[in-house]
Amino acid sequence: MIQRSPKDFDTCKTAAEALMANNQYAEAEHHLKKALQGFKDKRLMHMLAECYGKSGKIEQQCELLSEIIDLFPDENETIKEIGLLQFESANFTTAQHCLTQAVRSGIRTREVL
């Protein structure tokens, strides 16, 4: 595991947030990956998934969202997000499975649609 100070983590996180606010997703991706080295932070993983999506890296986005679900199984919003991405990609069977699971886990139907 990489040893870093909390200051390094905060610096990377702050830089990524600023870059994302300016739609500089490729640059933010670099800082988020650096911040995530050695441990998993759900919020930063979601930010990285957003960068992937905004940069058109849908496959990487789905893989990261799946990893979030593996690490944090009660992450219903992530299940819904994967379902919507799969629907947009015309992967209807996977989309139906994810969205059904999200609804069964407590996401209200109106939130899914």
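Residues numbered from 1 in each chain as written. Predicted model: local features only at pLDDT ≥ 70, side-chain atom pairs only at ≥ 80, totals over all residues. Heavy atoms only, no water.

Chemist: Quick one: what's the story with the overall build of the chain, residue by residue and with numbers?
Modeler: For the chain, the helix and strand inventory stands at 7 helices and 0 strands. Written out in order from the N terminus, the α and β elements of the chain read α-α-α-α-α-α-α. With the model as given, the accessible surface of the chain reaches about 7,100 Å², and the carbon-plus-sulfur share is 51%. (Helix = DSSP H or I, 4+ residues; strand = E, 2+ residues; numbered from the N terminus. Areas by Shrake-Rupley, 256 points an atom, 1.4 Å probe, with all protein chains shown as cover.)

Chemist: Requested: an account of the nonpolar core, with residues and values cited.
Modeler: Where a protein is soluble and globular, its nonpolar side chains tend to be buried together. Among the nonpolar cores identified, the biggest contains 27 residues, and Met20, Leu32 and Leu44 are the most heavily contacted of them. Those elements that place two or more of their residues in this core are helix H1 (6–21), helix H2 (25–36), helix H3 (42–54), helix H4 (58–71), helix H5 (76–88) and helix H6 (92–104). Looking at this core, the element that brings in the most residues is H3, giving 7 residues. Beyond its immediate sequence surroundings of up to four residues, Leu32 is in contact with Ala16, Met20, Leu44, Met47, Leu48 and Cys51. (Core = buried A, V, L, I, M, F, W, Y, C linked by side-chain atoms within 4.5 Å. Buried < 20%, exposed > 50% of the residue type's maximum accessible area, 1.4 Å probe, protein only. Contact = heavy atoms within 4.5 Å.)

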